[in-house]
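# Observations on the model geometry
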Amino acid sequence: MAAGYMDILRARHAARLLAGTLVGRLPNGTAPIAIVLFTRAEGGSYSLAGALAAVYGLATAVGQPLLGRAVDLYGQPRVQLPAAVLSALGMAVLALIGLGSLPAAYAAVVVAGVFTPPLEGGLRALWPTVLGREDRVHRAYAMDAVAQEIMFTVGPLLVTVLVSLWSPAAALLVINAIGVLGALSVVLSEPSRVWRSAPREAHWLGALRSPGLLALLGSFFFVGLALGSITVAGVAYADDQGRESVYGWLMAALGLGALIGGAVYGARQWAGAPERRLRIIVALLALGYLPLMLTPGVPAMTALAALAGVFLAPAIACSFIVVDRHAPQGTVTEAFSWLVTTFGVGAAAGTAVAGPAVELGGTAWSFAVAGAGGVAALLVLLATGRVLAAPGRTPAVVAGSENDRNGAAEPGFSSGHKA
């Protein structure tokens, strides 16, 4: 298992691109908790903290596909770095002016969110030309999904450390400065500088003109909804147990399950169409969410949370392959950005629905939202099976890529980009 991942990391530029992307995405991954801690430290209410975090999330959802389209049109350095700087400046303004002017505070988080650079989609657009072979690209997608879990675990811990050492305002400034350095590392790399999207057909819908991509986005809205509802349901469960630490255990178990599932999934090669495989994985994901409604004691609930997380990273990794197969030519960064956006909007919807569910029927009902989200995600994939079975293009690795040391191109696998 480890040998396969080390093979990827030894490829020229791969480790730098992965590390730079994770560091560059740190501000986005930590923004909700950083905004909440900053708002509370400034004397703002939880309602205001939640509103600012929600506006940031909405702004990010709007900005990602727009910036992704700009990357496809103009290249990565011209978009990623300026966006990272503008996003960091937005957070810096919030940290420096505080909550003295609420319109200014809201404007600052809007700027920070809208200009969050689409590094995630950009990395996935680079993998085919960096790694060269289909099996390595698919494994990189799995490693990418696992790395996200690590980032979303370590990032909040880093914020709390910075807050305890200095202040929430300092945490905002430091995290965003680090994010700019990560983006800089990516765009200065050779693959990012030379990458160009394939020629694209002019169309106002861009990547969204692909029926297969729309089907995938519809499914992953509900996957995001399920995951977002678990964050609220976990708090309710911890309250029932009378121990705040229980929430941390549940979230850690969920992340651990995702890490294990993603690592195992990426360690082997999979035969057959990824669309069919995705339906199976999402079915198992939904099956893992349903037992959470039992809300047993803490040890059993922690084990169930770990089980619920096992198929999350494989589902995400497999969805990357499906995106690459269905994105119209020349729109791959935008398509990946739409997946990020849809997943995030679904997670926000899940948190919004799970709250009232707790008040109406208790903790079990809030976990039922997660189960329902998983089932709905599967139903979308089943209902759109015919559309997903006909990818708009057949991905293939670019032959003779300067980053492919083997110089090999496997027939039938094309990235849709050229260096």
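Description of the structure in this document. The residue numbering used here restarts from 1 in each chain and proceeds along that chain's sequence as written. In view of the model being predicted, local features appear only for residues whose pLDDT reaches at least 70, and side-chain atom pairs are presented and counted only at 80 or more, with totals across whole chains, interfaces and linings using the full set of residues. Side-chain descriptors were evaluated using all non-hydrogen atoms of the structure, hydrogens and water having been removed beforehand.

Scanning the protein for helices and strands turns up 18 helices and two strands. Counting over 419 residues, the protein shows a buried share of 55%. Once local pairs closer than 6 in sequence are excluded, the contacts in the protein between residues at least 24 apart make up 80%. Here the protein displays about 16500 Å² of accessible surface, and carbon together with sulfur accounts for 69% of that area. To qualify as a helix, a DSSP run of H or I must reach at least 4 residues; to qualify as a strand, a run of E must reach at least 2; elements of each kind are numbered from the N terminus. Throughout, exposure labels follow a simple rule: accessible area from a 1.4 Å probe, protein chains only, divided by the maximum for the residue type, with under 20% read as buried, over 50% as exposed, and the rest as partly exposed. Pairs of residues are marked as contacts when any of their non-hydrogen atoms sit within 4.5 Å. Throughout, the Shrake-Rupley method with a 1.4 Å probe supplies accessible areas, and for residues the shown protein chains are the sole cover considered.

A grouping of Ile280, Leu284, Leu287, Leu290, Met293, Val375, Leu379 and Leu382 is seen on the molecular surface, where their side chains present a nonpolar patch of about 680 Å² in accessible area. With respect to the element layout, Leu379 can be found in helix H17 (residues 363–383). A relative accessible area of 51% means that Leu379 is categorised as exposed. Patch membership needs two things, relative accessible area over 30% and no salt bridge, and members are linked within 9 Å if like-charged or within 5 Å if nonpolar (Val, Leu, Ile, Met, Phe, Trp, Tyr). Each salt bridge in this description consists of a side-chain nitrogen of Lys or Arg and a carboxyl oxygen of Asp or Glu lying within 4 Å of one another.

As a further point, take the environment of Val111. Position of Val111 relative to the elements: it lies in helix H6 (residues 102–114). Judged by its relative accessible area of 32%, Val111 falls in the partly exposed class. Here the alpha-carbon distance between Val111 and Leu86, two residues 25 residues apart in the chain, equals 7.2 Å. Other than its neighbours up to four places away in sequence, Val111 contacts Leu86, Ser87 and Gly90.

A few words on the environment of Gly68. Tracing the sequence through the fold places Gly68 in helix H4 (residues 46–74). In the structure, Gly68 is positioned 269 residues away from Ser337 in sequence and 5.9 Å away in space, judged by C-alpha atoms. Those residues in contact with Gly68 that lie beyond four places of it in its chain are Pro118, Thr333, Glu334 and Ser337.

Here the focus is the side chain of Asp144. On the secondary structure map, Asp144 appears in helix H8 (residues 134–165). For Asp144, a relative accessible area of 3% gives the class buried. In this view, Asp144 contacts Leu123, Arg124, Trp127 and Phe320; residues no more than four positions away in its chain are not counted.

The subject of this paragraph is the packing of aromatic side chains. Only centres within 6.5 Å qualify two rings of Phe, Tyr or Trp (six-membered ring in Trp) as a pair; their planes then separate them into stacked at under 30 degrees, edge-to-face at over 60, and tilted for everything else. Enumeration over the complete set of coordinates arrives at five aromatic pairs. Arranged with centres 5.7 Å apart and planes meeting at 75 degrees, the rings of Tyr141 and Phe320 form a pair that is edge-to-face. Taken together, the residues span a long stretch of sequence, with Tyr141 in helix H8 and Phe320 in helix H15 (residues 312–326) at a distance of 179 residues. Seen in terms of ring centroids, Tyr265 and Trp270 are 5.3 Å apart; in terms of plane orientation they differ by 20 degrees. Their pairing is stacked. Given the relative accessible area of 7%, Tyr265 is considered buried. An aromatic cluster is built from Tyr141, Phe320 and Phe336, whose rings are joined through pairwise contacts.

The next subject is the side chain of Thr363. Locating Thr363 in the fold gives a position in helix H17. Any N or O atom pair separated by 3.5 Å or less is treated as a polar contact, with the protein-specific requirement of one donor-capable and one acceptor-capable atom, and with residues adjacent in sequence counted only for side-chain atom pairs. Of note is the side chain of Thr363, whose polar atom sits 2.4 Å from the side chain of Asp240. In this view, Thr363 contacts Ala233, Ala236, Tyr237, Asp240 and Thr295; residues no more than four positions away in its chain are not counted.

What follows concerns the packing of helix H13 (residues 274–289) against H17. Lines fitted to the C-alpha atoms define the axes, with helices restricted to the stretch that makes contact. Angles between their N-to-C directions range from 0 to 180 degrees. For the pair H13 and H17, interaxial distance at closest approach is 8 Å and the crossing angle is 165 degrees. One finds that H13 runs roughly antiparallel with respect to H17. When you trace H13 past H17, the crossing you get is left-handed. Where H13 approaches H17, its residues Leu278, Arg279, Val282, Ala283, Ala286 and Tyr289 are matched on the opposing element by Ala370, Gly371, Gly374, Val375, Ala377, Leu378, Leu381 and Leu382. Asp, Glu, Lys and Arg are counted as charged, while Ala, Val, Leu, Ile, Met, Phe, Trp, Tyr, Cys and Pro are counted as nonpolar; the rest, among them Gly, fall into the polar class. Of the residues belonging to the contact of H13 with H17, the class tally is eleven nonpolar, two polar and one charged. For classification, angles of less than 35 degrees are called roughly parallel, those exceeding 145 degrees roughly antiparallel, those between 65 and 115 degrees roughly perpendicular, and all remaining angles oblique. Less than a right angle of anticlockwise turn of the near helix away from the far helix marks a crossing as left-handed, whereas a clockwise turn marks it as right-handed.

By this rule the span expected of a helix is its residue count minus one, scaled by 1.5 Å. The first and last C-alpha atoms of helix H16 (residues 332–361) sit 42 Å apart over 30 residues, in line with the 44 Å expected at 1.5 Å per residue. Following H16 by one or two positions, Gly362 has its phi on the positive side, about 90 degrees.

A few words now on the nonpolar core. What makes a nonpolar core is a set of buried Ala, Val, Leu, Ile, Met, Phe, Trp, Tyr and Cys residues whose side-chain atoms join them at distances within 4.5 Å. Counting residues in hydrophobic clusters, the biggest one holds 105 residues, and the most contacted among them are Trp127, Leu131, Phe220 and Tyr289. Ranked by residues supplied to this core, first place goes to helix H11 (residues 211–241) with twelve residues. Sequence-distant contacts of Trp127, that is, excluding residues within four places in its chain, are made with Ala14, Leu18, Gly132, Val137, Ala140, Tyr141 and Asp144.

Here we come to unusual backbone geometry. A negative phi angle is the norm for most residues apart from glycine, just as the trans form is the norm for most peptide bonds. In this structure, His13 takes a positive phi of about 80 degrees despite not being glycine. Mapped onto the elements, His13 comes out in the loop between helix H1 (2–10) and helix H2 (14–24). Take His13: its relative accessible area is 16%, and that puts it in the buried class. The phi angle at Thr295 is positive, at roughly 40 degrees, despite the residue not being glycine. Inspection of the secondary structure puts Thr295 in the loop between H13 and helix H14 (298–309). Take Thr295: its relative accessible area is 25%, and that puts it in the partly exposed class.

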